[in-house]
Amino acid sequence: MASLISETTQKIFTPENLRTAAKQSERCLVVPVRLRRAIKKYLREQEDPYMRRKVLRLSQSFSEIKDVNLHLVAETSKELAEDPLKSMEQSKRWKIKSAYGDIGLTYRDDETVAYVASRMPAVYSACYRVLSEVRRRLPGFLPTKVLDFGAGTGSAFWAMKEVWPKSVEKINIVEPSQSMQRAGRSLIQGLKNLPLIHSYTSLQALTKGISKFEREHDLVIASYVLGEIPSLKDRITIVRQLWSLTRDVLVLVEPGTPHGSNIISQMRSHILWMEKRKCRKAKVNKEDSKDLIDLRSGAFIVAPCPHDGRCPLEKSGKYCHFVQRLQRTTSQRAYKRSKGDPLRGFEDEKFSFVAFRRGQRPRESWPLDGMTFETLKEQRAKRNPEDLEIDYEGLVNIEETADIIPYEEVDPSAYDSDVMETDNVNDTYEDQDQDQEEETVNADLGGGWGRIIFPPVRRGRQVHMNICRPTNQDASEGSFDREVFTQSKNPTLHHLARKSFWGDLWPLGRNVTRTVS
Ligand SMILES: C[S@@+](CC[C@H](N)C(=O)[O-])C[C@H]1O[C@@H](n2cnc3c(N)ncnc32)[C@H](O)[C@@H]1O
């Protein structure tokens, strides 16, 4: 296929490197052996004969909490905060005390051990997927000081160590459960080159414990915790506090459920609204001079949204979420097994997320600006008759949903067990060559990269995709459109669409015609 040369951008794209830049979905993740080994060792030390029961109970209590959350309209939240005992009737695990100090769920030893065995590998995988995208989209961003809010047993910390193995020097942890803290410490025992770790039981303790100048963190992450805070008001207050502790990037990750996605959407709207209001005020105070505005003022979305406008999925009945497949660890397979049936070798973790960055969204040209595309007819007219191949695939009118996740079923018997790999593991992170992993072409943040939401559907020579995209130059507004790519109209984009998956980016051009069904 011919190279596509952009006239307006410095970058030269080919269909191959467009695909590389667009790809964000990860293949079936294998939890790193050092984490699998740490989990195994920790569980062995607990010598718990009732693990399966505990895993089941934890899973049931998550469902209960989901139900309670669904019924938590403003009135109930208020009631819950004023009368914690009443709330206990609804879910035995709520704990609520002071304003923003001790709300949320309780994690005692039973829940903690079950969490490590069953949930930690999946939550780690979602965090790894999210942070990997942050690294790709912000290649110059190397966080040295990090805050992990509701850190639990450290899933986000482990993901961070994989994504930025050399940069993190200091990490502050906020985790109210002593049991979770103990497990987190036990899991990292023996790891070399650890950053300096400080633990706090609440945000108040953190802000009291360190001076004002030390409060800012390059990266703040809150994974799978906001949904455990029972009211919208409390969540907003906490996220505002987290944002005030963020020097550069704030990442929120929640389960990929309607509730989790709704929380992400609400927090997204709130931070963007708050920062827009601040910018407006600053402009007025500084006599409307754009140049005088602090470079750090404002906020924009690094991922997943390609724009900073209102979420087009709001009130659409759909919810924005993604999926990460992971090979199940031995502990997951052992304790999640039900009624003696063996589990599949993998599981799909659904998650919703948002990554904010301080400052203004950069203005960049869009990847397809200035590109011209040939139709299939034009391409064929240029070919020698002997080069013509019969396109059998296109002749068959099949409909298929592109695999939700870009990989084949994992054969459990082919799975690398923790045991097999234990002996050869170097548990420092220095053996990783981060540079080697860096992608050669990165999608920038200028708004020219839409996001594929939900699995693309292939129908014969067409690919149907749902794309979230900006609708104006500065990406301050966006829409969610169903687009159809046909082989006859644009074989290049059709080819790219066939290779794309849910969660990948989609290159846009300001003048590229699109077909909307
Ligand atoms: C589902 S776990 C997630 C743990 C970890 N972030 C992860 O990704 O694996 C939720 C954690 O949030 C903590 N948590 C709940 N309410 C909290 C609050 N108000 N402040 C800080 N942490 C809280 C719990 O103790 C628990 O460790």
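Residues numbered from 1 in each chain as written. Predicted model: local features only at pLDDT ≥ 70, side-chain atom pairs only at ≥ 80, totals over all residues. Heavy atoms only, no water.

> How should I be thinking about the overall build of the protein chain in this particular structure?
In terms of helices and strands, the protein chain carries 17 helices and 16 strands. Sorting the 517 residues of the protein chain into buried and exposed places 56% on the buried side. Excluding contacts between residues fewer than 6 apart, the proportion of contacts in the protein chain whose partners are at least 24 apart in sequence is 81%. Approximately 24600 Å² of the protein chain is accessible, and the part contributed by carbon and sulfur atoms is 50%. (Helix = DSSP H or I, 4+ residues; strand = E, 2+ residues; numbered from the N terminus. Buried < 20%, exposed > 50% of the residue type's maximum accessible area, 1.4 Å probe, protein only. Contact = heavy atoms within 4.5 Å. Areas by Shrake-Rupley, 256 points an atom, 1.4 Å probe, with all protein chains shown as cover.)

> What is the right way to read the packing of helix α6 (residues 109-137) against helix α8 (residues 178-188) from this model?
Following both chains from N to C, one finds α6 and α8 inclined at 45°, their axes separated by 9 Å at the closest point. With respect to their mutual orientation, α6 and α8 come out oblique. In the crossing of α6 with α8, the sense of the turn from one axis to the other is right-handed. Note on element contacts: α8 touches α6 through S179, M180, R182, A183 and L187, opposite D109, T112, Y115, V116 and M120. For the contact of α6 with α8, the class distribution of residues is six nonpolar, two polar and two charged. (Axes fitted to C-alpha atoms, helices over the stretch in contact; angles between N-to-C directions. Parallel < 35°, antiparallel > 145°, perpendicular 65-115°, else oblique. Left-handed = near helix turned anticlockwise from the far one by under 90°. Nonpolar A, V, L, I, M, F, W, Y, C, P; charged D, E, K, R; others polar.)

> Please clarify how the confidence of the model for the protein chain should be interpreted in this entry.
As a note on interpretation, predicted positions should not be read in detail where pLDDT is low. Confidence in the prediction of the protein chain, expressed as mean pLDDT, is 80, and 73% of residues score 70 or more. The low-confidence segment residues 1-9 (pLDDT under 50) makes 30 contacts with residues lying over four places distant or belonging to another chain. For residues 407-438, every residue scores under 50 in pLDDT, and the model assigns this stretch 62 contacts once sequence neighbours within four places are set aside. (pLDDT = per-residue confidence, 0-100.)

> In this structure, what is going on with the pattern of salt bridges? I would like to understand it.
Pairing between side chains of opposite charge can happen when the charged atoms of each approach one another. Scanning the model with the defined rule gives 20 salt bridges in all. The residue R361 makes a salt bridge to D308 at a minimum N-O spacing of 2.9 Å. Here D308 lies in the loop between β8 (299-303) and β9 (322-327) and R361 lies in the loop between β10 (346-358) and α13 (376-382), a separation of 53 residues in the sequence. Judged by its relative accessible area of 10%, R361 falls in the buried class. When its relative accessible area of 8% is taken as the criterion, D308 is described as buried. (Salt bridge = Lys/Arg side-chain N within 4 Å of Asp/Glu carboxyl O.)

> Would you mind going over the site of the ligand with me for this structure?
Taken together, 19 residues are adjacent to the ligand, and Y115, G150, S155, E175 and S223 come closest. Y115 places a polar side-chain atom, nitrogen or oxygen, 2.6 Å from an oxygen atom of the ligand. Side-chain polar atom of S223 to an oxygen atom of the ligand: 2.5 Å apart, as the coordinates give it. Alone, the ligand offers 590 Å² of accessible surface; in the complex the protein occludes 99% of this. For the shell around the ligand, the class distribution of residues is eleven nonpolar, six polar and two charged. (Near = heavy atom within 4 Å. Polar contact = N/O pair within 3.5 Å; in protein donor to acceptor, adjacent residues only side chain to side chain.)

> Please clarify how the packing of α6 against helix α7 (residues 155-163) should be interpreted in this entry.
Helix packing for two helices is described by the angle between their axes and how far apart those axes are. Relative orientation of the contacting elements α6 and α7 amounts to 40°, with a least axis distance of 8 Å. Our classification of the angle between α6 and α7 gives oblique. For the element pair α6 and α7, the recorded crossing hand is right-handed. The residues of α7 that touch α6, namely those facing Y115, M120, V123, Y124, C127, Y128, L131, S132 and R135, are S155, A156, W158, A159, M160, E162 and V163. Among the residues forming the contact of α6 with α7, the class breakdown is twelve nonpolar, two polar and two charged.

> Honestly, the side chain of H270 in this entry has me stumped. Any pointers?
Its location among the elements puts H270 in helix α11 (residues 258-285). Side chain to side chain, H270 and R240 meet in a polar contact 3.1 Å long. Not counting residues up to four positions away in its chain, the partners in contact with H270 are I236 and R240.

> I'm lost on the nonpolar core in this one. Help?
A general trend in soluble globular proteins is that nonpolar side chains are found buried together. Ranked by internal contacts, the top residues of the largest apolar core, which has 68 residues, are W158, M160 and V251. Per-element tally for this core: the top contributor is α6, with 15 residues. Core analysis: the next-biggest nonpolar cluster, separate from the first, contains 31 residues, L147, F149, I238 and I301 among them. (Core = buried A, V, L, I, M, F, W, Y, C linked by side-chain atoms within 4.5 Å.)

> Teacher, can you tell me more about the packing of aromatic side chains here?
The geometry of an aromatic ring pair is captured by the separation of the ring centres together with the interplanar angle, meaning the angle of the planes. Throughout the structure, instances matching the rule amount to ten aromatic pairs. Seen from their ring centres, F141 and W164 are 5.7 Å apart, and the 90° between their planes marks the pair as edge-to-face. Note that F141 is positioned in the loop between α6 and β3 (145-149) and W164 in the loop between α7 and β4 (170-174), a separation of 23 residues in sequence. Each member of the pair, F141 together with W164, is buried. (Phe/Tyr/Trp six-rings, centres within 6.5 Å; stacked < 30°, edge-to-face > 60°.)

> What exactly am I supposed to notice about helix α17 (residues 491-498) here?
Every α-helix winds through 3.6 residues per turn, so residues three or four apart in the chain are directed the same way. Extensive coverage of α17 is indicated by the burial of six of its eight residues. For α17, the set of buried residues is P491, T492, L493, H494, L496 and A497.

> Quick question: what am I supposed to make of the side chain of H464 here?
Here H464 shows up in strand β14 (residues 462-470). In terms of polar contacts, H464 uses its side chain to reach the side chain of Q462, at 3.0 Å. Sequence-distant contacts of H464, that is, excluding residues within four places in its chain, are made with P456, V457, R459, R482, E483 and V484.

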